[in-house]
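Analysis of the macromolecular model
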2 protein chains.
Amino acid sequence: MKIGVVLFPSKQVQDFANSYRKRYDTKYALISPHVTIKERTEIDEADLPKVLEYLQQVADSTKPVQLKIDGVRSFAPTNNVLYLKVLPTRELSALHDKLHDGLLKQPPKYEFLPHITIGQDLTDAELFDVLERMRMEQVHFEETINRMAVMYELENETWNVYETFRFRG
Amino acid sequence: MKIGVVLFPSKQVQDFANSYRKRYDTKYALISPHVTIKERTEIDEADLPKVLEYLQQVADSTKPVQLKIDGVRSFAPTNNVLYLKVLPTRELSALHDKLHDGLLKQPPKYEFLPHITIGQDLTDAELFDVLERMRMEQVHFEETINRMAVMYELENETWNVYETFRFRG
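To keep things clear, this report deals only with the structure shown in the data block. Computed from a predicted structure; not experimentally measured.

**Comments concerning the pattern of salt bridges**
Two side chains bearing opposite charge may form a pair once their charged atoms approach each other closely. In total, this model carries 20 salt bridges over all chains according to the counting rule given. A salt bridge links Arg166 of chain A to Glu163 of chain B, with the nearest nitrogen and oxygen atoms 2.6 Å apart. Here Arg166 of chain A is found in strand E8 (residues 159–166), whereas its partner Glu163 of chain B is found in strand E8 (residues 159–166) on a different chain. Given a relative accessible area of 26%, Arg166 of chain A falls into the partly exposed group. Taken together, the salt bridges that share partners define one network made up of Arg147 and Arg166 of chain A together with Glu163 of chain B.

**Here we look at the relation of the copies chain A and chain B**
Screw-axis analysis of chain A against chain B gives a translation of 0.0 Å along the axis, an RMSD of 0.0 Å, and a rotation angle of 180°. What the rotation and shift describe, once combined, is the action of a two-fold rotation axis. In terms of C-alpha distance to the rotation axis, chain A has Thr164 of chain A as its closest residue, with the C-alpha 2.7 Å off the axis. Both copies present the same face, since 96% of the interface residues in chain A are matched by interface residues at the equivalent positions in chain B.

**Overview of the sheet that holds strand E6 (residues 140–145) of chain A**
Residue and element names in this part refer to chain A. Read across the sheet, 4 strands follow the order E5-E4-E3-E6 without closing on themselves; strand pairing throughout is antiparallel. Every other strand in the sheet has two partners, leaving strand E5 (115–119) and E6 as the edge strands with one partner each. Shown here is a sheet whose adjacent strand axes are inclined to one another by a mean of 30°, direction ignored. Note: strand E3 (residues 65–74) against strand E4 (residues 82–86), 4 bridges, orientation antiparallel. The residue of E4 that forms the bridge with Arg73 is Tyr83. Sheet strands touched by helix H1 (residues 11–24): E3, E4, E5 and E6. Its angle to E5, the strand with the most contacts, is close to 35°.

**Observations regarding helix H4 (residues 124–135) of chain A**
All names here are of chain A. For H4, with 12 residues, the first-to-last C-alpha span of 16 Å sits near the 16 Å given by 1.5 Å per residue. Every buried residue of H4 is accounted for by Leu127, Val130, Leu131 and Met134. For H4, the angular spread of the buried residues around the axis is 100°, confining them to a single face. Facing away from the buried surface of H4 by more than 90 degrees, the exposed residues are Ala125 and Phe128. Against the buried residues of H4 lie H1, E3, E4 and E5.

**Considering unusual backbone geometry**
With the exception of glycine, most residues fall at negative phi, and the peptide bonds are largely trans. Residues and elements named next belong to chain A. For the bond from Ala76 to Pro77, the omega torsion is 5°, close enough to zero to count as cis. Along the chain, the position of Pro77 falls in the loop between E3 and E4. Here the phi dihedral of Asp121 falls at roughly 60°; this positive angle occurs in a residue that is not glycine. Within the secondary structure, Asp121 is located in the loop between E5 and H4.

**Some remarks on the side chain of Glu153 of chain B**
Looking at the secondary structure, you find Glu153 of chain B in strand E7 (residues 147–153). A distance of 3.4 Å separates polar atoms of two side chains, one belonging to Glu153 of chain B and the other to Arg40 of chain B. Sequence-distant contacts of Glu153 of chain B, defined by excluding residues within four places in its chain, comprise Lys11 of chain A together with Lys2, Arg40, Thr158 and Trp159 of chain B.

**Re the interface of chain A and chain B**
With 24 residues of chain A at the interface, the matching set in chain B holds 24 residues. With both chains or domains summed, chain A and chain B bury close to 2200 Å², and 41% of this area falls on carbon and sulfur atoms. Contact with chain B buries area across many residues of chain A, yet Lys11, Arg147 and Leu154 of chain A alone supply 21% of it, more than any other trio. If you look at where chain A meets chain B, you find 4 salt bridges. Arg147 of chain A serves as the salt-bridge partner of Glu163 of chain B, at 2.7 Å between the closest nitrogen and oxygen.

Basis of the calculations
Residues numbered from 1 in each chain as written. Chains lettered and ligands numbered in written order. Predicted model: local features only at pLDDT ≥ 70, side-chain atom pairs only at ≥ 80, totals over all residues. Heavy atoms only, no water. Salt bridge = Lys/Arg side-chain N within 4 Å of Asp/Glu carboxyl O. Helix = DSSP H or I, 4+ residues; strand = E, 2+ residues; numbered from the N terminus. Buried < 20%, exposed > 50% of the residue type's maximum accessible area, 1.4 Å probe, protein only. Least-squares fit on C-alpha atoms with pLDDT ≥ 70 in both. Contact = heavy atoms within 4.5 Å. Pairing = 2+ DSSP bridges. Axes fitted to C-alpha atoms, helices over the stretch in contact; angles between N-to-C directions. Expected span 1.5 Å × (residues − 1). Arc of directions from axis to C-beta. Polar contact = N/O pair within 3.5 Å; in protein donor to acceptor, adjacent residues only side chain to side chain. Buried area = accessible area lost by both parts, 1.4 Å probe.

This is the structure:
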């Protein structure tokens, strides 16, 4: 089965992100707005209990994390993705590292640049147009995130939450 | 904010339900297949921590529940909804009762008939046609559910998981 680990921002930020995703994100219907901490990973379903136990241990030793969202950026020209920039703090990096270590040891596929995707599969013209307009908006949010969610992918490519873990460090 | 409490069946059952929902359920994209234990309820966001604490207590005193799915039924003519019938066990009723008591005290809107919706807003002809075909299939699943999920509704009417609670009774 395919799993991943994410942080969900507040409802307010999710609603804000969805107002763009609805128009600009081809994956809008498949998952709610999120910060990916561990990318899609294939695990044997029999290993799930052990994985959940490991995630519980990580959460038990992690303090609630600050999520600071500051502006809109793009991965273009590498990738025509539009995203809300999340400041890469030491806390977020430490969490990312723990989720690529121990039982979940795995070299990360990408450099860790925390973000909330709000557009993808855009043409160059669309991307440029949206970025220009959004540069004029003040996009700032700051909030405390108290839990992480382990997600799994269904056959229809939607992602559902399997379990959440509170940060109790 | 609007919350609800649900049980998610296994990925296998969700994939099975979605194979019908894709065609027959107008709310297919808004939530994954589920058994509703507490219907959409408006709460003050400031009360959320207390509500979560109450749900934690309920989960702490509830044993994992058996989910027995047996056949396809419809609420027609009251409501052109098609669903997987979930056997109404004492355990499920007890959980439903606890979620309509204490801090969440509220008369239930409907009699509790546990089910997994796979079609809604169908015409009479569609409903009859699908029911006839599904009566020939053997639809039986039995599994143990270890957690419940508290959901909240976003502005785009999708439902996301806020937190899950393991049954530890």
